[in-house]
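Listed below are the residues making up each chain.
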Amino acid sequence: EELRSKYAVDRVMYTEELAGFVKSFDPKVLYVYGGVNSDSGLSGTGATFEGISAYRVDTGLLRAALEETRVVKSPQEIEILRFANK
């Protein structure tokens, strides 16, 4: 409960519980963040847990989507950036 409220997340679980949690959704693909960072060029290791080998794991799509969101800004985000740079 402490971590859930500290980080404002819906659920907190131990890593040992992750395999059963993921299995309950019967995913066709697990999208995990990993691969080469486009800014730094450093490689990141994707998330893993015991039993992940039972799934098809994609480390590219999620990273690409997150990188794209860093580039595209809403009018509100642009306003905040302008304010922060005064």
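Here, every reference points to the structure presented above.
Residues numbered from 1 in each chain as written. Predicted model: local features only at pLDDT ≥ 70, side-chain atom pairs only at ≥ 80, totals over all residues. Heavy atoms only, no water.

Just checking my understanding: could you explain the pattern of salt bridges for this structure?
Pairing between side chains of opposite charge can happen when the charged atoms of each approach one another. This structure, assessed with the given rule, holds three salt bridges. For Asp26, the salt bridge goes to Lys28, with nearest N and O atoms at 3.7 Å. Residue Lys28 is classed as exposed on the basis of its relative accessible area of 66%. The salt bridge involving Arg63 is made with Glu67; its shortest N-O contact spans 3.8 Å. Here Glu67 and Arg63 lie together in helix H3 (residues 61-71), a separation of four residues that amounts to about one turn. Judged on exposure class, the residue Arg63 and its partner Glu67 are both buried. (Salt bridge = Lys/Arg side-chain N within 4 Å of Asp/Glu carboxyl O. Buried < 20%, exposed > 50% of the residue type's maximum accessible area, 1.4 Å probe, protein only. Helix = DSSP H or I, 4+ residues; strand = E, 2+ residues; numbered from the N terminus.)

Which parts of the structure should I look at to understand a nonpolar patch on the surface?
Together, Leu3, Tyr7, Val9 and Val12 give the surface a local cluster of nonpolar side chains, amounting to about 360 Å² of exposed area. Here Val12 lies in the loop between helix H1 (2-7) and helix H2 (15-23). (Patch = residues over 30% accessible without salt bridge, like charges linked within 9 Å, V, L, I, M, F, W, Y side chains within 5 Å. Areas by Shrake-Rupley, 256 points an atom, 1.4 Å probe, with all protein chains shown as cover.)

I tried to follow the side chain of Arg63 on my own but got confused; where do I start?
Among the residues examined, Arg63 registers a relative accessible area of 19% and is labelled buried. Polar side-chain contacts of Arg63 include one of 3.3 Å to the backbone oxygen of Val36. Those residues in contact with Arg63 that lie beyond four places of it in its chain are Tyr33, Gly34, Gly35 and Val36. (Polar contact = N/O pair within 3.5 Å; in protein donor to acceptor, adjacent residues only side chain to side chain. Contact = heavy atoms within 4.5 Å.)

Don't take any of this as a statement about function, it's just geometry.
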